[in-house]
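Inside the fold
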Amino acid sequence: MKKFFLQLGLLTIIVILAALVHYLSFDAERLLHKRNLYLLQPQSDVHIGVLWPQNPDVQGYINGLNLALAELEGDKSFPYHIRPHFAKETPDKAIVWNFARNSRIAAVIGGLNTDTVKRLAPLFQATGMLFLQSSTNPLLMKRNIKLMLEVSYPDMYHAENLKEIIKSLRLNKIALLYNQQSIYCRGLKSLFLYQIKKEPEIDITSTYPFNGKFQIEKIYSDIENTDFDGIVFLGNSRKIFDFLKYARWSKNDKPFIGNEIFDTPIFYNQYDRKIMQHTYCSSYDLTFSRTPELQRFDHLYRDKYQTRPDNFAIWGYSAIMLLKKAILNSPNLLPESLYHSILYSKFSVLGLKFVYTHDGILKQNLTAGKRWLPGKGFVQFLPKKQE
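Residues numbered from 1 in each chain as written. Predicted model: local features only at pLDDT ≥ 70, side-chain atom pairs only at ≥ 80, totals over all residues. Heavy atoms only, no water.

Applying the stated criterion across every chain yields a total of 20 aromatic pairs. Ring plane angle 35 degrees and centroid distance 6.5 Å describe the contact between Tyr153 and Phe354, whose orientation is recorded as tilted. Placement of Tyr153 in the loop between strand 5 (148-150) and helix 6 (155-168) and of Phe354 in the loop between strand 12 (352-353) and strand 13 (367-373) is noted, with a sequence separation of 201 residues between them. Each member of the pair Tyr153 and Phe354 is classed as buried. In this structure, Lys254 is placed above the aromatic ring of Phe228, and the distance from its NZ or CZ to the ring centre is 4.1 Å. (Phe/Tyr/Trp six-rings, centres within 6.5 Å; stacked < 30°, edge-to-face > 60°. Helix = DSSP H or I, 4+ residues; strand = E, 2+ residues; numbered from the N terminus. Buried < 20%, exposed > 50% of the residue type's maximum accessible area, 1.4 Å probe, protein only. Lys NZ or Arg CZ within 6 Å of the ring centre and 35° of its normal.)

Next comes the structure, spelled out in structure tokens:
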């Protein structure tokens, strides 16, 4: 009996210690306080978290980030060293806790996946880290997260481009396909339908939500039995292309309109030109003649990676350079100071102004309606709007 009580006592102590360790490791307020105390001290290194995207379509993001880091290493006027800490981008909250337990980390960049941003952003704020995210859904800002800022441009502009492409092609009946498992696609669908409501001559004749079980033949068969003269597809690159390929092989050459994931190297470097005929998308107006800084970036990127940069490369580069400017214009490295510096200072990166609303949404529209041209990839289709 004595041995039993001794074992019970030891087990109780172990449980209490485990609970204490768990509490100390996952106490957001304590971690926030510890971070603020550390970052108030003079530092020569600036530590940041980087969410590493797992989608091969967005490798340009990491390329742009690395280009910026290399540039800062050679910049003698910048008296700091930026030290990145990488983690694979997933919606797993353990990522945030792992970053949060490192009191040196002032900011986290990345978040190209809307599902990831929505799940992790509140925890980044609770543990006191600035979050420069590259998801493009402004509806996330309704959570009133004060330490989160956009680096890319909102989906409301893409939704308007999709509508304008349909109008320019004089399409009246649209079949809409979207990935219902994706917060990003559901959000873009809502913004798109809001735009279509303004156009009484355009009708969504059929809507097809799909999930992980993407049954191309069944969806296409259902669409063929409806009246439509164009397709809008909101999804990831693999599913978009698989469906487009099937439609073209089935002798369907009706206009096919997709989201900005179309305008990436995975499409314009590889895919059959015949399949891509009559294909359009809303993407980013990356005409690198826009500014001298963009021209220089284009040349540096091509020299280093032997391919042209895309919008994801701009985001990765811009996130680092926004942090650089915030560090130089802030009294300390506190995330809140860096946040307000970026929010209110109207910084320029690559000649592009980052002007925000009060809740961290980018104001300017650098998107464009595009069409596929053989040998050129996606080129601007609609007249350029004034910014």
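Structure's up, so let's keep going.
Chain-level pLDDT for the chain is 85 on average; 89% of the residues reach the 70-or-more range. Of all secondary-structure elements in the chain, the lowest mean pLDDT belongs to helix 1 (residues 2-25), at 46, while strand 3 (residues 105-110) reaches the highest, 95. A low-confidence stretch, residues 11-25 stays under pLDDT 50, and its non-local contacts, those more than four residues away or across chains, total six contacts. (pLDDT = per-residue confidence, 0-100. Contact = heavy atoms within 4.5 Å.)

The interhelical angle for the contact between helix 11 (residues 292-305) and helix 12 (residues 311-328), taken along N-to-C directions, is 105 degrees, at an axis separation of 12 Å. Taken together, the axis directions place helix 11 and helix 12 in an arrangement best described as roughly perpendicular. Residues Leu294, Phe297 and Tyr301 of helix 11 form the contact with helix 12, whose participating residues are Ala313, Ile314 and Tyr317. For the contact of helix 11 with helix 12, the residue count by class is six nonpolar, no polar and no charged. (Axes fitted to C-alpha atoms, helices over the stretch in contact; angles between N-to-C directions. Parallel < 35°, antiparallel > 145°, perpendicular 65-115°, else oblique. Nonpolar A, V, L, I, M, F, W, Y, C, P; charged D, E, K, R; others polar.)

Burial within strand 8 (residues 230-234) is extensive, with five of its five residues counted as buried. Of the pairings in the sheet, the one linking strand 8 to strand 9 (residues 256-258) comprises three bridges and is parallel in character. Its bridge partner lying in strand 9, Phe233 is registered against Gly258. Since strand 8 and strand 9 lie parallel, the crossover through helix 9 (residues 237-249) that links them has a hand, and here it is right-handed. (Pairing = 2+ DSSP bridges. Right-handed = clockwise from strand over helix to strand, strands pointing away.)

A few words on the pattern of salt bridges. Applying the stated criterion across every chain yields a total of eleven salt bridges. Here Lys163 makes a salt bridge to Glu199, at a shortest N to O gap of 3.6 Å. One end of the pair, Lys163, is in helix 6; the other, Glu199, is in the loop between helix 7 (183-196) and strand 7 (203-210), with 36 residues separating them in the sequence. Like Lys163, the residue Glu199 is buried in the burial classification. Connected through shared salt-bridge partners, Lys163, Glu164, Lys167 and Glu199 make up one network. (Salt bridge = Lys/Arg side-chain N within 4 Å of Asp/Glu carboxyl O.)

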